[in-house]
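What the coordinates show
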Amino acid sequence: GAVVSQHPSWVICKSGTSVKIECRSLDFQATTMFWYRQFPKQSLMLMATSNEGSKATYEQGVEKDKFLINHASLTLSTLTVTSAHPEDSSFYICSVQRTEWFFGQGTRLTVV
Amino acid sequence: GDSVTQMEGPVTLSEEAFLTINCTYTATGYPSLFWYVQYPGEGLQLLLKATKADDKGSNKGFEATYRKETTSFHLEKGSVQVSDSAVYFCALSDRGQAGTALIFGKGTTLSVSS
């Protein structure tokens, strides 16, 4: 069965609004979760590492104020895209690591 | 920094054809290497892995050998099936320790027709 649940699977929002994506670890406690972004025909680019109870670690070039990450519990991390713009449209994927890495199904964000 | 380069697709094959998807990597240390597969509408799933040089990972008829001398981890299957149609990602972890993210290639789309 699924180890990681990501929601929603797709979302369309208007420019200027905020969108929240949830990533849940279903059957184990994850102190660390990872958020990736995938552009068409591009690799999965690591955006940030989400740490339970502390601030996320962002990769170089990722705007902290644009992509807010909250890891409030050992089973839930959220990514909020604030003041979304069309260039934020992309495929976002979360991941957790136990003995191996597990991935959510991804969220297709379209900003219109 | 560490990186992964894999052949661009799409790769289109007939059923029972031989498959090779090339993957090479750049890493400063001794990474673990992985192939992940993403079927339509599903999340990435681990297909196989190798943690040290000359290791061969295998699963579901797929194989890949960790070649340190050529920094490669090419994916092969002797006879593909329609159900193998998916996107395949080569990835590495520079340490494999807890809390370390994977680094991915761009993915290769495989389409198998009957």
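Provided above is the structure to which this section pertains.
Residues numbered from 1 in each chain as written. Chains lettered and ligands numbered in written order. Predicted model: local features only at pLDDT ≥ 70, side-chain atom pairs only at ≥ 80, totals over all residues. Heavy atoms only, no water.

The subject of this paragraph is the state of the cysteines. Summed over all chains, the structure comprises two disulfides over all chains. Here Cys23 of chain A is linked by a disulfide to Cys94 of chain A, with a sulfur-sulfur distance of 2.0 Å. Its S-S torsion of approximately 80° makes the covalent link between Cys23 of chain A and Cys94 of chain A right-handed. Here Cys94 of chain A lies in strand β9 (residues 90-97) and Cys23 of chain A lies in strand β3 (residues 19-25), a separation of 71 residues in the sequence. A single burial state applies to Cys23 of chain A and to Cys94 of chain A, both of which are buried. In this model, Cys23 of chain B is linked to Cys90 of chain B through a disulfide, with the two sulfur atoms separated by 1.9 Å. Judged by the torsion about the S-S bond (-70°), the Cys23 of chain B/Cys90 of chain B disulfide is left-handed. Taken together, the residues span a long stretch of sequence, with Cys23 of chain B in strand β4 (residues 23-26) and Cys90 of chain B in strand β10 (residues 86-93) at a distance of 67 residues. Like Cys90 of chain B, Cys23 of chain B is buried. (Disulfide = S-S within 2.5 Å. Helix = DSSP H or I, 4+ residues; strand = E, 2+ residues; numbered from the N terminus. Buried < 20%, exposed > 50% of the residue type's maximum accessible area, 1.4 Å probe, protein only.)

Residue and element names in this part refer to chain B. What the four strands build is an open sheet, ordered β3-β9-β8-β7; its pairing is antiparallel. The sheet is open, and its two borders are formed by β3 (19-21) and β7 (56-59), each paired with just one other strand. Direction aside, the axes of adjacent strands within the sheet are offset by 15° on average. The pairing of β7 with strand β8 (residues 62-65) spans four bridges and is antiparallel. The partner of Ser58 across the bridge, within β8, is Glu63. (Pairing = 2+ DSSP bridges. Axes fitted to C-alpha atoms, helices over the stretch in contact; angles between N-to-C directions.)

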